[in-house]
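Per-entry structural report
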Amino acid sequence: MKIDKAKCVGCGNCTYVCPMGAIYLDPADHRATIDADACVECYTCYRGMSTEHLYPPLIRGIRKLLSFFRLRFEPEPDVCPTAAFVPDDLQWPRIVRRAFSDPQVPHESTGIHGRGTEEVKTNDVTNRVKQGEAGFVVEFGRPGVGARFYDIQKMTMALARLGVVFEPNNPVTHLMNNPKTGEIRKDILNEKVLSAIVEFKANLTEVPVLLNEIEEVSKQVDTVVSLGVSTRCDENGDNPLEELLQKQGYRFWRGKTNLGMGRALT
Ligand code: SF4
Ligand code: SF4
């Protein structure tokens, strides 16, 4: 994303809408600027703000005149008065940022918007996680924090060494050179995204060792990590995961329960 400096009048409205805090008013020219390294191409600024097409020199003149009287020209807070945002023609590898950060863009690899995965929310139908297995969802980043792929790779390589099977229908898995080693394509390692999800499954007996490893690697990355673990209940609605998690010191919450009303595709 770019800001056309010839159009920007430095009202500062856009600095509040960026979830990554990537827009700032440059003290040198008093116009808005985007820190390209911090920008994750989420398009919130471009799509989220209303635009007016006022004549920039006129607005600057009015702002200057009013400043003599200690008054200010204030456009509505959600408006860019001169439509100064200009989307870049994104190329590889930067385009990866938008794929993971703009919820309106579907991932090429999975056809799913947002982080590009349904996770285990559709497990009734996909049958990804079977009885006796644990499905893991490891989420990296959040608005305001973001995540880089070199940090995500620290986790995927550590997990691969423990022999996990990464979910094939997941965009991060698609970006791996080799899902057996967890190595991610080198050309995207420095790319920053709003958030990304790594998914894999393992035998229930491996849950304690995997939880320990995830906790350990989480301390080595410069982002926030959230973890979800799921399994299939038995015919009585019980599951062995609850006890395993509690033994590891986690409080067990049933975040989501699939009722088994879908028909499995496999
Ligand atoms: S909202 Fe528009 S005019 Fe105002 S600072 Fe941002 S880019 Fe410039
Ligand atoms: S595209 Fe998103 S991250 Fe980039 S400047 Fe706009 S709001 Fe901020």
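The structure displayed is predicted, hence computed values, not measured ones.

Glancing now at the site of ligand 2. In the vicinity of ligand 2, the contacting residues are M1, C18, P19, I23, I34, C39, V40, E41, C42, Y43, T44 and C45. Grouping the amino acids of the shell around ligand 2 by side-chain chemistry returns 10 nonpolar, one polar and one charged.

What follows deals with the nonpolar core. Core analysis: the biggest nonpolar cluster contains 36 residues, and F100, F149 and F200 have the highest contact counts within it. Those elements giving two or more residues to this core turn out to be helix 3 (95-101), strand 7 (133-140), helix 5 (149-161), strand 13 (196-203), helix 7 (207-218) and helix 8 (241-247). Ranked by residues supplied to this core, first place goes to helix 5 with six residues. Setting aside anything within four residues of it in sequence, one finds F200 in contact with A134, G135, F136, V138, L159, V164, V165, F166, E167, L210 and I214. By size, the runner-up hydrophobic cluster in this structure holds 22 residues, among which are A38, V40, A84 and L194.

One open sheet holds the four strands; their spatial order is 9-13-7-14, and the pairing between them is antiparallel. Single-partner strands in this sheet number two, and they are strand 9 (165-166) and strand 14 (225-230). Bridge analysis of strand 9 against strand 13 gives two bridges, and the strand direction is antiparallel. Within strand 13, the position partnered with F166 by the bridge is F200. Running at roughly 10 degrees to strand 7, helix 7 makes contact with strand 7, strand 13 and strand 14 of the sheet.

One pass over the structure, following the stated rule, counts 17 salt bridges. E139 is the partner of R142 in a salt bridge, and the nearest nitrogen-oxygen pair spans 2.7 Å. The partly exposed category is assigned to R142, whose relative accessible area is 39%. Here D187 ties to R185 by a salt bridge, and the two come within 2.7 Å at their closest N and O atoms. Classification of D187 as partly exposed rests on a relative accessible area of 34%. One salt-bridge network, held together by shared partners, links K5, D26 and D29.

Moving on, we come to the side chain of N239. Positionally, N239 belongs in the loop between strand 14 and helix 8. N239 gets classed as buried once you look at its relative accessible area, which sits at 13%. Looking at N239, its side chain comes within polar contact range of the main-chain nitrogen of L241, at 2.9 Å. There is a polar contact of 3.0 Å between the side chain of N239 and the backbone nitrogen of E242. Among all residues touching N239, those that are not within four sequence positions of it are T231, R232, C233, F252 and R254.

What counts, and where the lines are drawn
Residues numbered from 1 in each chain as written. Chains lettered and ligands numbered in written order. Predicted model: local features only at pLDDT ≥ 70, side-chain atom pairs only at ≥ 80, totals over all residues. Heavy atoms only, no water. Near = heavy atom within 4 Å. Nonpolar A, V, L, I, M, F, W, Y, C, P; charged D, E, K, R; others polar. Core = buried A, V, L, I, M, F, W, Y, C linked by side-chain atoms within 4.5 Å. Buried < 20%, exposed > 50% of the residue type's maximum accessible area, 1.4 Å probe, protein only. Helix = DSSP H or I, 4+ residues; strand = E, 2+ residues; numbered from the N terminus. Contact = heavy atoms within 4.5 Å. Pairing = 2+ DSSP bridges. Axes fitted to C-alpha atoms, helices over the stretch in contact; angles between N-to-C directions. Salt bridge = Lys/Arg side-chain N within 4 Å of Asp/Glu carboxyl O. Polar contact = N/O pair within 3.5 Å; in protein donor to acceptor, adjacent residues only side chain to side chain.

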